[in-house]
Structures are given as structure tokens and as C-alpha cells.
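Now for the letters of each chain:
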Amino acid sequence: MRANIGLVFAVAILALVGLGEAHASSPFTRAGQTSHMRVATGSYVGNGIDNRAISGVGFQPDVVLIKGTNNEQAVIHTATMPDDLSKEIASGSNQTGAIKSLDADGFTIGTNVRVNKATAPNTYYWLALQAAPGQMALGTYTGNGDTQTISGVGFAPDYVIVLSSQNGHNPMQRSSATSGTTSYFFNGNQQGAHGI
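Figured I'd write up the structure that's included with this text.

Thresholds, definitions, all that
- Residues numbered from 1 in each chain as written.
- Predicted model: local features only at pLDDT ≥ 70, side-chain atom pairs only at ≥ 80, totals over all residues.
- Heavy atoms only, no water.
- Helix = DSSP H or I, 4+ residues; strand = E, 2+ residues; numbered from the N terminus.
- Contact = heavy atoms within 4.5 Å.
- Salt bridge = Lys/Arg side-chain N within 4 Å of Asp/Glu carboxyl O.
- Buried < 20%, exposed > 50% of the residue type's maximum accessible area, 1.4 Å probe, protein only.
- Pairing = 2+ DSSP bridges.

### Here's the deal with the environment of Gly-48
Phase 1: Mapping Gly-48 onto the fold places it in the loop between β3 (38-45) and β4 (52-55).
Phase 2: It is 9.6 Å that separates the C-alpha atoms of Gly-48 and Asn-122, two residues lying 74 residues apart in sequence.
Phase 3: Dropping the residues within four chain positions of it, Gly-48 is found in contact with Thr-111, Asn-116, Lys-117 and Ala-118.

In C-alpha cells, the structure reads:
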């Protein structure tokens, strides 16, 4: 199965496309991207030490998502977000001291318990994505409070995530398989009409 994906902050957009035809570079891609989207996963045990580099990813990620075995929410950080700002994927709460930066071969974490608790349970699982033209794109747009078309992605995404830059605004997701105008929050079964 092929999927096209997108992600938005400020709103940031993550749009994912299938692994099909590559498209010309768009405003939602960055220089130095490879021709194919990259995905890596892994885990680490938290130690509570600040500025901890998680390396060996094999590329500089554009998106990192981390979820621990504790009761804390998963957090996400994208290349469109300022350093040392992460977002809880379910509540939309802005977090500092979590995913601090996206590095050449991985990412750096802080002491936020969502990513680096020193006591058990403290195993953390991460997902790293690197965008590629025609397959995955990131970008930002400024909302206008009304229906809005976002152009320049370079493809029709199969999956889109929107993250607001405002604290506490729930991230939304939408699949191309979703009918009508419904989008979904990450916190349970809630739906948002006219979200994406």
C-alpha cells in the first residue's frame, strides 16, 4: 500500500504521498532532501540527562515522534518548529525540554519526562521521518479562521496532520479514505468537522 503524507505547524503540515512519481521541489521541501522518503525507528532508556543526543538514525529527520512506556503523552517535533519546542500529539500542549533539535544523524532530547525520565518505566520508542519531494512534505501556513486551500505541497496527500502553533490546540489528522469533511483528533474517538 502506498501513502502520501503531510504535516503542518503554525500551523505546520505533514503531508504524506505514496512512493510513486516524484514531483518538482515545492515550498514544502528543503534543500538536500533525498529522492525517497526515509523512515527509521528505535528505542532508548531514559537517563534524565539534558541535551542527550540520540544518534545512529542514518539521516537528519524532518519529523520525530517519541512515546514512552510511562503514562505521558507522545510528543512530536518537526523541522518547521522552533528548536526546543515539541507538541503533545493528543492534547496539543506545547512542551519544552523534550525534543530539542533535529540533528545530522538523529535528534537531541532534554529532561522532559515525556522523552527522558530517569526512573522506570522509562523506555522510549521513536519514529524519525525525512521528507522527499512527491512523497512527504512539511510546511506552514497562517490560518484565517475560515475555509482555506493550502497549495504548493506538490502532490495530493493520502494523509495529513495539522499541528497548531498555539498551545492546547489539538493536532488533527485526515486520511484520503475519510469521507465528507471530517477530520480526527489524536485523543480518542473525537471528530472535528471541517478540520482538514
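### Here's the deal with the pattern of salt bridges
Phase 1: Applying the stated criterion across every chain yields a total of 3 salt bridges.
Phase 2: Residues Asp-50 and Lys-100 are paired through a salt bridge, measuring 3.1 Å at the closest nitrogen-oxygen approach. A residue pair is termed long-range when its members are at least 10 positions apart, and Asp-50 in the loop between β3 and β4 and Lys-100 in strand β9 (residues 99-103) qualify at 50 residues.
Phase 3: Given a relative accessible area of 37%, Asp-50 falls into the partly exposed group.
Phase 4: Classification of Lys-100 as buried rests on a relative accessible area of 17%.
Phase 5: With its nearest N and O atoms 3.9 Å apart, the salt bridge here joins Arg-114 to Glu-72. Placement of Arg-114 in the loop between β10 (106-109) and β11 (123-130) and of Glu-72 in the loop between β5 (63-68) and β6 (75-78) is noted, with a sequence separation of 42 residues between them.
Phase 6: Taken together, the salt bridges that share partners define one network made up of Glu-72, Glu-88 and Arg-114.

### Considerations on the sheet that holds strand β8 (residues 94-95)
Phase 1: Strand order in the open sheet formed by 6 strands is β3-β11-β5-β6-β7-β8, and the pairing between neighbours is antiparallel. In this open sheet, the two strands that pair with only one neighbour each are β3 and β8.
Phase 2: Sheet topology places β3 next to β11; 8 bridges connect them, and they run antiparallel. Counted as the bridge partner of Val-39 is Leu-129 from β11.

### Notes on the pairing of strand β15 (residues 182-185)
Phase 1: The pairing of strand β14 (residues 172-175) with β15 spans 2 bridges and is classified as antiparallel. Counted as the bridge partner of Gln-173 is Tyr-184 from β15.
Phase 2: With antiparallel pairing between neighbouring strands as the criterion, β14 and β15 make up a hairpin whose turn holds 6 residues, including Gly-180 at a positive phi of roughly 70 degrees.

### Focus: the environment of Ala-79
Phase 1: Residue position: Ala-79 is located in the loop between β6 and β7 (86-88).
Phase 2: If we skip the residues at most four places from it in the chain, Ala-79 touches Asp-62, Leu-102 and Leu-138.

Purely spatial values, then, with no claim about function.
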